[in-house]
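Residue-level listing of the chains:
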Amino acid sequence: MNTDDVLLLDEDLSAPNLRRVWGSFATGVAVVTALDDGEPIGFTCQSLVSVSLDPPLLSFCPARTSTSWPRLRTVGALCVNILAHDQHDLCRAFARTGTDKFLDVEWAPTGNGSPAVRGAMAHIDATVVGEYDAGDHTIALARVTGVTSDEDQPPLLFFRGTFGGFSGR
Ligand SMILES: Cc1cc2nc3c(=O)[nH]c(=O)nc-3n(C[C@H](O)[C@H](O)[C@H](O)COP(=O)(O)O)c2cc1C
């Protein structure tokens, strides 16, 4: 190996620098919802991943500061609403803590009673089966119990702090 080829990595692992680097990883965006004692709750989430198909498991990572996660975990039944290209306002609204996020939001209950946000490109019902401490976040694991999707919708994408769309090749 030619040592001249070694890539020198930035050793600045501060939160702003890590956030900047991770901004290169474009993701879709979801709103995770539940019905807590008749009150619809939820938060915007990009740390979503399909973990297993058999059994069907998904995961996402709520921050320790999340006020919705302790309630979602207690309810146990939730819905992952995968947002469509035109839902950036909704995405921003659900990223604000302590507000009435469902004001002016049209939704209907899914099979497990969670709010399915109208216009989302997919809805995934799931039941929380585990949670694991992970630094300033929690890794939440949930078993999928029902799915629906609108295949004609383009997705909402998040990249370097801004929203955009997808153009396939
Ligand atoms: C595009 C986008 C993605 C986000 N992804 C996450 C995430 O994966 N986990 C998380 O805890 N917060 C995430 N957030 C931030 C939360 O939505 C935000 O902190 C929200 O206020 C939490 O609301 P809550 O206090 O009701 O839980 C994201 C925000 C945006 C705009």
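Up top you'll find the structure we're talking about.
Residues numbered from 1 in each chain as written. Predicted model: local features only at pLDDT ≥ 70, side-chain atom pairs only at ≥ 80, totals over all residues. Heavy atoms only, no water.

What follows deals with the site of the ligand. Near the ligand there are 18 residues, and of these Ser-47, Ala-63, Thr-67, Ser-68 and Thr-97 occur at the shortest range. For the ligand, an oxygen atom lies 2.6 Å from a polar atom in the backbone of Ala-63. Contacts to the ligand include Thr-97, whose side-chain N or O atom sits 2.4 Å from an oxygen atom. In isolation the ligand exposes 640 Å². Once the protein is present, 82% of that is buried. In terms of residues, the shell around the ligand owes the most to one element, strand S3 (residues 39–45), which gives 3 residues. Taken together, the residues that form the shell around the ligand break down as 9 nonpolar, 7 polar and 2 charged. (Near = heavy atom within 4 Å. Polar contact = N/O pair within 3.5 Å; in protein donor to acceptor, adjacent residues only side chain to side chain. Areas by Shrake-Rupley, 256 points an atom, 1.4 Å probe, with all protein chains shown as cover. Helix = DSSP H or I, 4+ residues; strand = E, 2+ residues; numbered from the N terminus. Nonpolar A, V, L, I, M, F, W, Y, C, P; charged D, E, K, R; others polar.)

Taken as a whole and judged by the stated rule, the model has 6 aromatic pairs. Taking the centre distance of 6.3 Å and the plane angle of 55° together, the rings of Phe-43 and Phe-60 count as tilted. Here the residue Phe-43 occupies a position in strand S3, and Phe-60 occupies one in strand S5 (residues 56–60), the gap between them amounting to 17 residues. We classify Phe-43 as buried; its relative accessible area is 10%. Look at Phe-60 and you get buried, because its relative accessible area is 0%. (Phe/Tyr/Trp six-rings, centres within 6.5 Å; stacked < 30°, edge-to-face > 60°. Buried < 20%, exposed > 50% of the residue type's maximum accessible area, 1.4 Å probe, protein only.)

Attention shifts here to the side chain of His-123. Its location among the elements puts His-123 in strand S9 (residues 122–134). Of the polar contacts made by the side chain of His-123, one reaches the side chain of Asn-81; its length is 3.5 Å. When residues no more than four places from it in sequence are discounted, the contact partners of His-123 are Cys-79, Val-80, Asn-81, Ala-116, Val-117, Gly-146, Val-147 and Thr-148. (Contact = heavy atoms within 4.5 Å.)

Now for unusual backbone geometry. With an omega dihedral of 0°, the bond running from Asp-54 to Pro-55 counts as a cis peptide bond. Phi is positive for Asp-37, which is not a glycine, with a value near 55°. By the secondary structure assignment, Asp-37 is in the loop between strand S2 (30–36) and S3. Residue classification places Asp-37 among the exposed positions, given a relative accessible area of 82%. Positive phi outside glycine occurs at Arg-160, with the angle close to 50°. Checked against the element boundaries, Arg-160 lands in the loop between strand S11 (157–159) and strand S12 (162–164). For Arg-160, a relative accessible area of 54% translates into the label exposed.

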